[in-house]
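Structural overview for review
Read off the chains here:
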Amino acid sequence: MKAQRSEPNRPLQRARFLGVHLDPLTIDETVARCVKAVEERSPITIGVLNAAKIVRLRKDPRLSRAVLGCDLVLADGQSVVWAAGLLRRPLPERVAGIDLMLSLLPEAERRGHRVFFLGARQEVLDRTVAEIRRRFPRLTVAGSRHGYFSSAEAPEVADEIRASGADLLFIGVSSPMKELFVQDWSARTGSQVVHGVGGTFDVLAGEVRRAPEWWQRHGLEWLYRCLQEPMRLGPRYFTTNFAFVLLVAREAARGLTRGLTRGQSRSSGAGGDRR
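The paragraphs below set out a description of the structure included in this document.

Analysis parameters
- Residues numbered from 1 in each chain as written.
- Predicted model: local features only at pLDDT ≥ 70, side-chain atom pairs only at ≥ 80, totals over all residues.
- Heavy atoms only, no water.
- Helix = DSSP H or I, 4+ residues; strand = E, 2+ residues; numbered from the N terminus.
- Buried < 20%, exposed > 50% of the residue type's maximum accessible area, 1.4 Å probe, protein only.
- Contact = heavy atoms within 4.5 Å.
- Areas by Shrake-Rupley, 256 points an atom, 1.4 Å probe, with all protein chains shown as cover.
- Salt bridge = Lys/Arg side-chain N within 4 Å of Asp/Glu carboxyl O.
- Axes fitted to C-alpha atoms, helices over the stretch in contact; angles between N-to-C directions.
- Parallel < 35°, antiparallel > 145°, perpendicular 65-115°, else oblique.
- Left-handed = near helix turned anticlockwise from the far one by under 90°.
- Nonpolar A, V, L, I, M, F, W, Y, C, P; charged D, E, K, R; others polar.

As a further point, take the overall build of the chain. Tallying secondary structure elements over the chain gives 12 helices and eight strands in all. Counting only residues that meet the buried cut, the chain has 49% of its 275 residues in that class. For the chain, the proportion of contacts with a sequence separation of at least 24, taken over those separated by at least 6, is 76%. Looking at the chain as shown, the accessible area adds up to about 13900 Å², and 53% of this sits on carbon and sulfur atoms.

Okay, the pattern of salt bridges next. Pairs can form between side chains of opposite charge once their charged atoms are near each other. A complete count under the given rule lists 19 salt bridges for this structure. One salt bridge in this structure joins Glu-123 and Arg-121, with 2.9 Å as the shortest N-O distance. Taking relative accessible area as the criterion, Arg-121 reaches 33% and is therefore assigned partly exposed. Taken together, the shared-partner salt bridges in this structure form one network comprising Glu-39, Glu-107, Arg-110 and Arg-111.

On to the packing of helix α1 (residues 27–40) against helix α5 (residues 97–111). α5 packs onto α1 with a crossing angle of 45° between their chain directions and a minimal axis gap of 10 Å. In terms of orientation, α1 lies oblique with respect to α5. As for how α1 packs across α5, the hand of that crossing is right-handed. Residues Ile-27, Thr-30, Val-31, Cys-34, Val-35 and Glu-39 of α1 lie in contact with α5, whose contacting residues are Asp-99, Leu-100, Ser-103, Leu-104, Glu-107 and Arg-111. The residue inventory of the contact of α1 with α5, partitioned by class, reads six nonpolar, two polar and four charged.

Structure follows, in structure tokens:
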């Protein structure tokens, strides 16, 4: 079941490059849109893109449709922000999934919005919810459920979320399951904000360490993560990052060529007018 989404929730102008589009929003602007969605009962879905996912979308049409079909598509990786600037499609800042979730939770606590957490192993999920309750003691946790379910069970999961009365749904499962659940079942959950947050639950539960701010600011969060699990993540990160750099370089070269061609055309046109 695909949600019917309200066009006014979309920014008027999106940054388009590398075959994707992103919404040029700051994290504060994104939080404001999410609060408005809950208050006005006007549902929105949120997709995020980093370098690896942009590379993956080019080979996975179904994932591409799911991510780019979200109401808001945000730059989860600093490298995406840098690439957008290089390609003259500037984005104001990175809006990481974990940072957005941790900015939405205090707003939900203050406004009495109900939240649901879907994802991870049960023991990790329990620690995640406990940590969130510790940080936000007045937050209304409508419910939680581990992320190990089949596609056949997805309707039942969506109905469980709807029955909880959740206003905001945070999905901590891996790609592409996360994106496909958002695409197919977000409307059925009844949640006004549906946000896929990837490995956020693992960070909050203490399963993995998030990179310090310096690493994040310099676009090296992927490397910090890789150093924690080099055998599993090393080949994946280096392969996708190299592919991403090539994509950016090719598009930059095409833009330069187009600019030179237009310049030559204008020069030729000006010269042709002379008598």
